[in-house]
Amino acid sequence: AHLGLADVSGETHTGAERFSRGALGLAGAEAEPYRVWLESWSARATNADGSQVELRAEHDDSSLRLELSSLKPLVAHGYYGMSPKSELAGNASYYLSYTRMTTHGTVKTATGTHHVTGESWFDHEWSTSALGAGAVGWDWFSLQLDDGRELMYFQIRREDGSIEGVSGGTLVAPDGATRRLAAPDLSLSVLARWTSPETGAIYPARWRLRVPGEGLDLLVDPWVAGQEMRTSFVYWEGAVRVSGTRHRRPVSGHGYVELTGYAGSMQGVF
């Protein structure tokens, strides 16, 4: 299990990794009711359909205790929940999300215990094989816009610099209706890069993300540049802010971005 905590005002980021065994109940997962735990870290549904979740985790002098409740129906990405990762059979995942969840609880850091409120995004993705031959990693975006929309986009990068044709995403309307987006429906440009002083990996650090058919033209910026997760495999995952327009009207928001394969290929990791 991984835990990441970004302090925007302090421009700091903490990442942690924990391993344990299923023996003696130290770690495990249950489906009904939904519960995943690794020692004292846990994600647990508090109702039958999993639309209400309780999160618990701690590391050194940091911890979180959060309660989440979904404002929208469950989203099934791809083809009714199946999300292809290459043209080859078997390279796919099942992928579901609650894209906007009211959140409240406490977050403890070195500066004290903070009572927090906000909105969360819950992803559940599982597969037997995530990447096709020649793929090295992916860029994944989950964005919540202030007009009530959410946007998920992923692109899988290949060794030759090209993007897998099955890359794409989902746009969720304020009423929860969804539109599947194929790769030609979106345009992603990298506007800046950041070099990790610890690993030397070079990551994208600012993006322009456009969905012309929806009138969306967005700029995505990390809240903190150094949100690299230096775990058993190295990747970047962190909080971002969004600004831009929809049909030329101002729109803003927040989100999360995950970048893999920049500090070494993800082949064999998943």
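Numbering of residues starts from 1 in each chain and follows the order in which that chain's sequence is written. Local features are withheld for residues below a pLDDT of 70 in this predicted model, meaning they are given only at 70 or higher, and side-chain atom pairs are given and counted only at 80 or more; totals for whole chains, interfaces and linings count all residues. In computing side-chain values, all of the structure's heavy atoms are included and hydrogens and water are not.

K.L.:
Can you help me understand the overall build of the chain in this one?
P.N.:
A count of helical and extended segments in the chain gives 0 helices and 21 strands. Once the C-alpha set of the chain is aligned to its principal axes, its extents read approximately 50 × 40 × 40 Å. Throughout this description, buried means an accessible area under 20% of the type-specific maximum (1.4 Å probe, protein chains only), exposed means over 50%, and partly exposed covers the range between. Expressed as a percentage of its 270 residues, the buried residues of the chain come to 44%. Whether two residues are in contact is decided by their heavy atoms, any of which lying within 4.5 Å being enough. Across the chain, the fraction of contacts at a sequence separation of at least 24, relative to all contacts at a separation of at least 6, is 48%. Split by element, the accessible area of the chain, about 13600 Å² in all, is 52% carbon and sulfur. Measuring between centres, the 24 positive side-chain charges of the chain sit 4 Å from its 32 negative side-chain charges. The numbering of helices and of strands both runs from the N terminus, where a helix is a DSSP run of H or I of at least 4 residues and a strand a run of E of at least 2. Calculation of accessible area relied on Shrake-Rupley with a 1.4 Å probe; when residues are assessed, cover is drawn exclusively from the protein chains displayed. The positive count covers Lys and Arg only, the negative count covers Asp and Glu only, and His and the chain ends enter neither. Charge positions come from single atoms, namely NZ of Lys, CZ of Arg, CG of Asp or CD of Glu.

K.L.:
How should the nonpolar core be read in this particular structure?
P.N.:
One recurring pattern in soluble globular proteins is that nonpolar side chains are buried together. Joining through side-chain atoms within 4.5 Å is the link that ties buried Ala, Val, Leu, Ile, Met, Phe, Trp, Tyr and Cys residues into a set, and such a set is a nonpolar core. With 24 residues, the main nonpolar core has L143, L151, L218, V220 and V257 as its most contacted residues. Residue assignment for this core shows that the elements contributing at least two residues are β12 (135-145), β13 (150-158), β17 (202-211), β18 (216-222), β20 (234-246) and β21 (249-259). No other element matches the 5 residues that β17 contributes to this core. For L218, the residues in contact, after removing those within four places along its chain, are L143, L145, L151, W207, R208, L209, V242, S243, G244, T245 and V251. If you look at the next biggest cluster of nonpolar residues, it comprises 13 residues, including Y95, W121, L131 and M266.

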